[in-house]
Structures are given as C-alpha cells and as structure tokens.
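Coordinate analysis (summary)
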2 protein chains.
Amino acid sequence: MKPINEVVKTKPWLGWILFLGTMALVFFIGLFASSIMERRAEVVFAYKPTVKLMDGEPRNEIWGKNYPREFNSYYKTQDTTFKSLYNSGNKTDMLAQDPKLVILWAGYAFSKEYNQPRGHWWAVEDIRNILRTGAPKDEHEGPQPGTCWTCKSPDVPRMMKKMGIESFYKTKWGALGFEIVNPIGCADCHDPETMNLVITRPALIEAFQRQGKDITKASHHEMRSLVCVQCHVEYYFRGDGKYLTFPWDKGYNIEDIEKYYDEAGFKDWEHPISKAPMLKAQHPEYELFRMGIHFDRGIACADCHMPYMNEGGVKYTNHHIRSPLANISGSCQVCHRQSEEKLKENMYSGQKKCFELREKAEQLIVAAHFEAKAAWDAGAKEDEMKPVLTLIRHAQWRWDFTAAGHGNSFHAPLEVARLLGTAIEKASDARVQLARILANHNVTKPIEIPDISTKEKAQKCIGLDMEKLNSEKKEWLKTVVPKWLENAKLRESKYKI
Amino acid sequence: MKPINEVVKTKPWLGWILFLGTMALVFFIGLFASSIMERRAEVVFAYKPTVKLMDGEPRNEIWGKNYPREFNSYYKTQDTTFKSLYNSGNKTDMLAQDPKLVILWAGYAFSKEYNQPRGHWWAVEDIRNILRTGAPKDEHEGPQPGTCWTCKSPDVPRMMKKMGIESFYKTKWGALGFEIVNPIGCADCHDPETMNLVITRPALIEAFQRQGKDITKASHHEMRSLVCVQCHVEYYFRGDGKYLTFPWDKGYNIEDIEKYYDEAGFKDWEHPISKAPMLKAQHPEYELFRMGIHFDRGIACADCHMPYMNEGGVKYTNHHIRSPLANISGSCQVCHRQSEEKLKENMYSGQKKCFELREKAEQLIVAAHFEAKAAWDAGAKEDEMKPVLTLIRHAQWRWDFTAAGHGNSFHAPLEVARLLGTAIEKASDARVQLARILANHNVTKPIEIPDISTKEKAQKCIGLDMEKLNSEKKEWLKTVVPKWLENAKLRESKYKI
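A short tour of the structure in this document, coming up. These figures come from a predicted structure and were not determined experimentally.

Once that is clear, we can look at the pattern of salt bridges. Inspection of the entire model under this criterion finds 72 salt bridges over all chains. When the shortest N-O distance is used, the salt bridge between Lys360(A) and Glu356(A) registers 3.7 Å. One end of the pair, Lys360(A), and the other, Glu356(A), are both in helix H17 (residues 340–377), 4 residues apart, so they sit about a helical turn from each other. Lys360(A) sits in the buried class, given a relative accessible area of 18%. The salt bridge partner of Asp262(B) is Arg393(B), with a shortest N-O separation of 2.8 Å. Taken together, the residues span a long stretch of sequence, with Asp262(B) in helix H13 (residues 254–263) and Arg393(B) in helix H18 (residues 382–403) at a distance of 131 residues. Relative accessible area serves as the criterion here: at 6%, Arg393(B) is assigned to the buried category. It is possible to trace a salt-bridge network through shared partners that takes in Glu255(A), Glu415(A), Arg418(A), Lys353(B), Glu356(B) and Lys360(B).

After a rotation of 180° and a shift along the axis of 0.1 Å, chain A superposes on chain B with an RMSD of 0.2 Å. Both copies are brought into coincidence by an operation consistent with a two-fold rotation axis. Mapped onto chain B, 100% of the interface residues of chain A are again interface residues, and the two copies thus contact each other with one and the same surface.

Moving on, we come to the interface of chain A and chain B. Counting from both sides, the interface comprises 38 residues of chain A and, opposite them, 38 residues of chain B. Across the chain A to chain B interface the summed buried area is about 3,100 Å²; carbon plus sulfur atoms make up 60%. Our count for the contact surface shared by chain A and chain B stands at 8 salt bridges. Linking chain A with chain B are 13 residue pairs in polar contact (both at pLDDT 80 or more). For the side of chain A that touches chain B, the secondary-structure elements that each account for two or more residues are helix H15 (293–296), H17 and helix H20 (413–440) of chain A. Counted by class, the side of chain A that touches chain B contains 15 nonpolar, 8 polar and 15 charged residues.

Attention now goes to the state of the cysteines. Tallied over the entire structure, the rule returns 2 disulfides over all chains. Through a disulfide, Cys151(B) is tied to Cys231(B); the S-S separation comes to 2.2 Å. Taking the torsion about the S-S bond as the criterion, the Cys151(B) to Cys231(B) disulfide, at about -100°, is left-handed. Pair noted here: Cys151(B) is in the loop between helix H7 (123–129) and helix H8 (155–163) and Cys231(B) is in the loop between helix H12 (220–229) and strand S1 (236–238), with a separation of 80 residues, a long-range link. Residue Cys301(A) stays outside any disulfide, its sulfur separated by 4.1 Å from that of Cys228(A), the closest cysteine.

Generally speaking, nonpolar side chains in soluble globular proteins are found buried as a group. Core analysis: the largest hydrophobic core is formed by 206 residues, its most contacted members being Trp149(A), Leu226(A), Trp248(A), Trp399(A), Trp149(B), Trp248(B) and Trp399(B). Beyond its immediate stretch of four places on either side in the chain, Trp399(A) contacts Leu101(A), Leu104(A), Trp105(A), Arg358(A), Ala361(A), Glu362(A), Ile365(A), Leu420(A) and Ala423(A).

It is worth spelling out the environment of Gln351(B) at this point. All names here are of chain B. By the secondary structure assignment, glutamine 351 is in helix H17 (residues 340–377). Residues glutamine 351 and glycine 298 lie 53 residues apart in sequence; the distance between their C-alpha atoms is 23 Å. Apart from the residues lying within four places of it in its own chain, the contact partners of glutamine 351 are Leu85, Tyr86 and Ser409.

On to a nonpolar patch on the surface, then. Together, Trp16(A), Phe19(A), Leu20(A) and Met23(A) make up an exposed nonpolar region whose accessible area comes to about 480 Å². Looking at Phe19(A), the relative accessible area reads 45%, which means it is partly exposed.

In this section: the pairing of strand S5 (residues 308–311) of chain A. All names here are of chain A. In terms of strand pairing, S5 meets strand S6 (residues 314–317) through 4 bridges, oriented antiparallel. Among the inter-strand pairings, tyrosine 308 is bridged to a residue of S6, identified as threonine 317. Taken together, S5 and the strand that follows it, S6, pair antiparallel across an intervening segment of 2 residues, in which glycine 312 is found at a positive phi of about 60°.

Before going further, it helps to spend a moment on the side chain of Ser225(B). Residue and element names in this part refer to chain B. Mapped onto the elements of the fold, serine 225 is located in helix H12. Residue serine 225 is classed as buried on the basis of its relative accessible area of 9%. A polar atom in the side chain of serine 225 sits 3.0 Å from the backbone nitrogen of cysteine 301.

Right, let's talk about the packing of H20(A) against H17(B) for a bit. Two elements in contact, H20(A) and H17(B), have axes separated by 9 Å at closest approach and are oriented at 20°. Considering their axes alone, H20(A) and H17(B) lie roughly parallel with respect to each other. Between H20(A) and H17(B) the crossing geometry is left-handed. Judged by residue contacts, Leu414(A), Glu415(A), Ala417(A), Arg418(A), Gly421(A), Thr422(A), Glu425(A) and Arg436(A) of H20(A) engage Gly350(B), Lys353(B), Cys354(B), Glu356(B), Leu357(B), Lys360(B), Leu364(B) and Glu371(B) from H17(B). When its residues are assigned to classes, the contact of H20(A) with H17(B) shows 5 nonpolar, 3 polar and 8 charged.

Moving on: unusual backbone geometry. Residue and element names in this part refer to chain A. Here glycine 142 and proline 143 are connected by a cis peptide whose omega angle stands at 5°. Residue position: proline 143 is located in the loop between helix H7 (123–129) and helix H8 (155–163). Of note in this structure, lysine 275 is not a glycine but carries a positive phi near 65°. Relative to the assigned elements, lysine 275 resides in the loop between strand S3 (269–270) and strand S4 (277–278). Judged by relative accessible area, which is 40%, lysine 275 ranks as partly exposed.

Below, the discussion takes up the side chain of Asn87(A). All names here are of chain A. Residue placement: asparagine 87 occurs in the loop between helix H4 (68–75) and helix H5 (94–97). Separated by 3.3 Å, the side chains of asparagine 87 and threonine 92 make a polar contact. Not counting residues within four places of it along the chain, the set of residues in contact with asparagine 87 comprises Phe82, Thr92 and Gln116.

Residues and elements named next belong to chain A. Of the residues making up helix H13 (residues 254–263), those classed as buried are Ile254, Ile257, Glu258, Tyr260 and Tyr261. Down the axis, H13 shows its buried residues gathered within 155° of arc, on one side only. If you follow the buried residues of H13, they end up packed against strand S1 (236–238), strand S2 (243–245), helix H14 (285–289), helix H18 (382–403) and H20.

This part is about the environment of Gly142(B). Residues and elements named next belong to chain B. Here glycine 142 shows up in the loop between H7 and H8. Placed 94 residues apart in sequence, glycine 142 and tyrosine 236 show a C-alpha to C-alpha distance of 17 Å. If sequence neighbours within four positions are ignored, glycine 142 has contacts with Pro136 and Lys172.

Here we take up the packing of aromatic side chains. Using the criterion set out here, one finds 68 aromatic pairs over all chains in the structure. Relative to Phe295(A), the ring of Tyr286(A) has its centre 6.4 Å away and its plane inclined at 80°; by these criteria the two rings are edge-to-face. Relative accessible area serves as the criterion here: at 8%, Tyr286(A) is assigned to the buried category. Since its relative accessible area comes to 29%, Phe295(A) is described here as partly exposed. Centre to centre, the rings of Trp397(A) and Phe401(A) are 5.2 Å apart; their planes meet at 70°, and the pair counts as edge-to-face. One end of the pair is Trp397(A) and the other is Phe401(A), both in helix H18 and 4 residues apart, which spans about a single turn. Here Phe401(A) falls in the buried class, since its relative accessible area comes to 2%. In textbook terms, an aromatic cluster arises when at least three aromatic residues are bridged by ring pairs, as seen for Trp105(A), Tyr108(A), Phe110(A), Tyr114(A), Trp269(A) and Trp399(A). Geometry around Phe110(A) places Arg132(A) over its ring, the cationic atom sitting 3.8 Å from the centre. The side chain of Lys315(B) reaches across the aromatic face of Tyr308(B), ending 4.2 Å from its centre.

Definitions and limits used
- Residues numbered from 1 in each chain as written.
- Chains lettered and ligands numbered in written order.
- Predicted model: local features only at pLDDT ≥ 70, side-chain atom pairs only at ≥ 80, totals over all residues.
- Heavy atoms only, no water.
- Salt bridge = Lys/Arg side-chain N within 4 Å of Asp/Glu carboxyl O.
- Helix = DSSP H or I, 4+ residues; strand = E, 2+ residues; numbered from the N terminus.
- Buried < 20%, exposed > 50% of the residue type's maximum accessible area, 1.4 Å probe, protein only.
- Least-squares fit on C-alpha atoms with pLDDT ≥ 70 in both.
- Contact = heavy atoms within 4.5 Å.
- Buried area = accessible area lost by both parts, 1.4 Å probe.
- Polar contact = N/O pair within 3.5 Å; in protein donor to acceptor, adjacent residues only side chain to side chain.
- Nonpolar A, V, L, I, M, F, W, Y, C, P; charged D, E, K, R; others polar.
- Disulfide = S-S within 2.5 Å.
- Core = buried A, V, L, I, M, F, W, Y, C linked by side-chain atoms within 4.5 Å.
- Patch = residues over 30% accessible without salt bridge, like charges linked within 9 Å, V, L, I, M, F, W, Y side chains within 5 Å.
- Areas by Shrake-Rupley, 256 points an atom, 1.4 Å probe, with all protein chains shown as cover.
- Pairing = 2+ DSSP bridges.
- Axes fitted to C-alpha atoms, helices over the stretch in contact; angles between N-to-C directions.
- Parallel < 35°, antiparallel > 145°, perpendicular 65-115°, else oblique.
- Left-handed = near helix turned anticlockwise from the far one by under 90°.
- Arc of directions from axis to C-beta.
- Phe/Tyr/Trp six-rings, centres within 6.5 Å; stacked < 30°, edge-to-face > 60°.
- Lys NZ or Arg CZ within 6 Å of the ring centre and 35° of its normal.

Listed below in structure tokens is the structure:
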C-alpha cells in the first residue's frame, strides 16, 4: 500500500473528500460536546436557590421556587383518580363500602365519617371537611385536641416552636385553625438551609429516646423511611394533655404494643354496645412494614413510594407520593422483572386472601358486641363479663391493626393473616363464653343482629343524628373556615421572602 | 528495531530461549487440550449403558449401574439427620410432639402412629413398620387395601400391569408384600429405554383426562413437577374398590375440593368422639405449591428439591431429594442473593406464624369434638347436631390440608394462614352453636377436655390398646416380613439383566 500523501498526489479529489469529511465529523463532535456541557450545566444550576427560605418556611409554593421538579411532582398528590381493588378513587366512602365499620367504631368519631385517604396535598382540607373534627364554634370547643393537627401540615413545627409542644397538643383543635393552613409538604421532612432530611415531630424523637436510640445518628437511607415514620405509625393521646405518644416501649409487634396499653390501663374509648374498653389502631404502617420482606431486604419507604426520576441531566426524587401500584414501572420493576400485570395480580391475590379473613373477623366482632349487650340486658354481672370484654378488646385491636393501615396486606401479608386469624379466634372465644353467660341468664336463642346493611342504617342503629352533624358541619364550613383562611392569608402576607 | 533473525545472529542465546520457551508453552497447551478432551469424553461416555434395563425394571441398583451419579445421589435419601424448626431428625414422632393429633384423628389409623417422613429410600421399610398398616396374617386380612402401596415402590407399575389397576387397588395390602420390595426410585419416573420422564401412576393421568387435559403433551419442564405430582397430592379411595382418585374435578383450591367431596357425600371416616363425618387431607403439596409465589414464577419441584450438580464435566440432577433448607446454596441461592442464614430466618419466620395459627386451630377443633360428644350425651338430636358436625368436618379439613403436607407453610404461607384462619372461624362457629345446644339441654358449664398432654394419655383417651397393637406388629415383623423378603429375593433372582 502506498502512503496517503502519494495517493492524494495522483487522485486530488480524494484529498477533498478527506478534508470535507473531517470537517463534518468535527462539527458533529462539537454539537455533541455542547449537548453534554449543557446537561451538565442543567445539573449544576438546577438547584441554585432563587429565593432564600426563612427558618421553618411552611409554604410549599415558596420552596417550589427553588426546587421546581420536586414541587411539581409533589403537586401531583392532588390527583385522586387512582383506583385499586378496594379503592374506587376519590375519597371512597369506607363506611358505605363496609357498614360493619360503623358498629365496630360506635362511640368513636370514626363511625361518623371515614374515607379512603387522599394525597398529602389534601391533608388540611380533608381534616377540616371530615365530620370527625366536628364544628367547633370557638377556640375552647372540642371535640378534638390540637394533637389532631400534628401530622397535617408544615405549620405544625412552626407552631410547636412558638407555643411549646405540650401547649400545642393540649389546646383545642379549633384554636389553631387559622395558623395551620399549608398541607403536608417540604418543611415536614427537610431542613430549609441544607435540604437534609430532618425529623420535625417530637413523638418519633421521644419514642427513639425511650428505646435508648438517638435518631440524629440515623443514616440518610434510614431517614428515607424515618421522615415518613413521623406520621405513618400507631400512636395514642397520652393523659389529659393529649400528648402524642408512640407505644413502642416494649417493641413494635402487636403483642408488645397490646401489653404496653394493657399495663397502662389505657383505652381509646368504651364501646357503647358491648361496654368493652376499646383500642383504636391508627394506621400502623411502619410497624407492619417492619414485619414484611421488603423491610427485611433493606428497602426504604421512599424507594417504592418516591422512586428516583430523570429530567434532562437531573436525577431527583419523585414527590408524587402514592401507591406503587400506580407506578409499577418506576417502583416495583426497578427490582422485579415480571410484567406490570403479573405484579399487580400477585399483589391483589394476597390482598384478597387477607380481605376474606378480615371480613370474617368483622362479622364475628360485630356479633360479639351485640351478644355482649344482650348479656348485659339479661342481667350479666361485671365479673362474668370482664374476660369477655377483654377478648373483644383484643380481637378488635388485632383486626383494626390490619384494617387501619394503608397497604398492610401488601407490606406484610402473612403477619396480617396471622393477626386476623387470632382476631377471629379471640372474637369467637368471646362468643362461646357469651353463649354460656346468656344461657346462665336464660337466653339460649341466637342473638339477632339489627339491620346494618347500609351506612345509614348502621349509623341510625348506634344513635348518630347524621342530619344534625352534617348540617352543623356545613354551616361551620361556610362561616368559620373562611375566617380562618382570611386570617391566615393576612398573617402569611407579612412573611418576608 | 532490527528483524529478529538479525538479532539472533549476534545473540545466539536468545534463539535458544525462544526455542525452549515455545516448546514449554506448546507442551502446556497440549496438557490443557487433553484435559478438555477428557472431560468431553466423560460426558460422552458418562451415560453409556453398561447393562440393558428390562421393561419396568424395579430394582434401583440395576439402574444405578448405568447411571451411577444419579443413583449415588438417590442413595443419600437414606440420610435422616436433617433437622429443622419442627423436625428433630430421624422419624420424629409427630403424635408425641403434638398429642392433640391423636384426638383429631381418633378412629382413623393416623392416631396409632405418625412420624416425620423419611427419604424415598425408606418408603417400603417405613410402610411395613408403621402401625397404620397393622399386622395382616394372610392375604385376606386388612386393615389396608392394595391402594396403600401405590406411592411406595417401582414394583407398583409392574404389578399394576400384571394384575390390572382395579385388582391392584382392591386386593388387600398384605397380599402384595412379597411383590413390593424396592423403595421409590428410578422406574417411578423414568422410561428405562429413553430415560425420559414418564407418568407411571394412573390416578394422575385419569385426573388430567377428567379435566380434559392430555398429560402426554406436558413439556419437559412441566414433567419436572408432574412426576412428583403422581404422589405428592391430596387423594382419596373411591368406592368399595378403593380406587385411588385425585379430587380435582372442580379445581385445585380447597373450596373446590371440599365441594367435590361434599357433593359426592364422601367421608374418610366418622369421628368416634363427635360423630362428625370427617375428611383426611393427604399431603396436598402440589395443590398448595400451586398457590405460592414459586409456582407462579414457573419453578418446578425439581428446581429446588433436585437442583443440578456438576461432577467433572458432567452436569446431572441431584436425586438426593430433600428439603431445600438442607441445601440452600444449591437450591435457593441459584436465584436469591441473600445469605443462607437470612433465607433460613425468612423461611422460619413464616413457618412460626403459620404454626401459631395451626396450634390455635387444633385446640379449637379438639374442644369442638369433645363439646359435640357432651351435646350427644346431653340428649342432642341429629337435626340439631347436623350443621355443627358439618362445621367440624370443614374446620378439620382446612386444618389438615395445611398440616398434612410437607413444606406447605413455605410453599404458600398466605394460603396456609387463610385456611387456618377459616378453620379457626368454623371450629369456633361450631363451638358457639354447641354452647347453645348444650344450654338447651341444660348444660351451661364449660365442657372439660380430658388430660391429653402426652401421646400415651391421648391414645388411652380414645381407647387404643397400644400394647396389643405394638406386640402384634412386632410379632408380624418377625414372622411375616422375613418370608416376604425371602420370596422377593427368589423372584428377583430369576430376572435377567
């Protein structure tokens, strides 16, 4: 082969082709390099703050100016169209779907209204709208304490700092209406200075302290769960000060928590039908998540509920927090190689098995409440009834632990089935004993359960005046809440950015 | 740089180094090639038959001459040292471990003796030794029919061919003692000519036919489960001919099978305490395996229980069939990246939850049997008792379905928990109704359960004369079985190889 310079001497057109070809190539390499540099610039400038966030800034929209991607995804938590096996979308009325709940929670605010929860964006609006918070005309009226705001808003840490934690909890819920207006958002989990994840709620910090653990030592990966754990847990209102407390001092398992409550002689309320001293489980999602395989494998809440996204050259966390079922490709399929259809089918198959047991547990506990009432009516004595009432308490507590949490039958299906199995056993044991007590008081026929086939019938059965509750609430939403909003607007207008 | 020939001219020692170096290299390449060829030869000659197998050859040792690797691994099923959470090794006495079983199976042979099963190698010896087969003095004496041999030996297809299937089933178990001597082995699953997997038992073929499926169309991968499914399933003895039948005509789920039995008016026996018409579940491993995630992901029985091995250049299937827990690295870790300790912990954690429910179900069903007896004793009538007896039947059926199979709480833990939850519910429902029936007959005190804290006490409670059963069996093993073995030896000595 001849050297190229000699060839070009004899064929000049070849020289031109080489020259022009090289020019074109260099041009495209230049374009490519430019594109890389641009994307790099995007990353570098993506998080250049445009506003200075004040300490504890509660307004999500202000944070959104600095962190538009996270904010825009958070904003999508407004979407209420997601449907799944037992969720027909937008605030499914759970009491209408299953009127037995009204009986189980008789005497407790949940029997008035209980809906499928919506995304974080709705937190403040929904707590105002729900019948459970009633229609407090002034800051001294109940029914709920300030504690009920705790998980609803980034205004909470601000107010706790201002008022002191104890005072915050023990004031009336209605007294804080114009202070707490921003729904769950940025400041609940982030430090405005460093954007690090932070724990802003005292109950979790205190629970860790009582366990001898320092939550500030948690790794970033642990924090990707712990910020959620501030709220998605079982809790109770301790003492007259309604101090928000996590009942974990003996451990996270249901038996540990039950023992904790029993030894403290605690009850959430007395059931008006059976007179049993009841416990209300409050979405114990973290406790049940801990019992499942995903926790065991080191997965954090955010891994599935807030998977990473890419936009241009920027990787960020999706703040559209929701069921991973609504985003199987972004969540499950990061690890699982099965099709969306298959993964959904697997999930639903487990859920159906759990719901079958749950349905049975509910039927039996409802029957036990009415049979206990019949026993009282027939003249049963306190000491005869005590063991039965304890069984009803423990049965319903187990059922509620599985029913109150979102996603429990996915997080830990086998533990859920175990709890429901023992709930069935305890409710049935109560019923066997009640049959004997009733017989001793000359009642040997089965006790008839009233018609509770609809929410309305069930609510009537437990003596709720729904018309009154609804009209009071409607009036209150028309008169009181607009004042709260006006006041809040005025207050926030004075904040400096 | 100068060309090498010019350099060598000036430095002759370099030529020698190159020459010797090349020699050495070529020598080692030769060794390597030889090793490769040897391993290849091993593969080619590994399965060169040394003996010609006769049609239906029942003797595993003869097959072993042609397939030494498979045979040697099969031979290891003699090993009985494996222990796990509820298995303390070598033929754990299940009735001693849990005397409630004696009551649950009262009136049925399992109440006499029931042990943790051992490997395939023990199949024939164990069925002879167990009290359940009794001590039939001649070929006309029971208690068991020929059907009981069906899953125990490769002599079975041979005898079925000789006698006809119906005659095989309907003869007495004792009549076939000298014919059936080789434990479960090669000819149960393999064609001696092609070594292909084959179905040798009619019950599975017939069950598929009734479902409109042709089992000969099964793929090799499906066959890696189906050969096991010949035996590891729920079955019953249909009619007076004790015809072995799989109850799958309505489906594989427990509700389907229950409906099948109920509609056929079938019972395995009548319980002598409660008089309930009982069903005995018989190791429904395939049915429950179908409900679990490993089946869902397309895993075959052999994938975990007979994982591939390598020996020299030969890849072969490990015929040391056993719990994958005894070989986690060879089984589970082919897919799962967790440590052996972690995988075992996950498995045990699920098993413990299932066993907790199982224990409760047993307690309640035992109580229901005794309470039913008390109701009969107090003068209860057939029509009062009928719904209760059905509940007891269905409760125990569900419990037994989970308890009778090996590994069920691993194969489908959630389904097992669901079944146990509903077993608890049905047993409790029976007990509530029994409390009312008893009250109507003037019994309102709790029914006392006799002391059944040990196997001996429980067996005495149900009226078993264990001394007699044991001494009869001992005598029989000393007198009859040696004759069987002698006859069999003589018979087999006439086979041609």
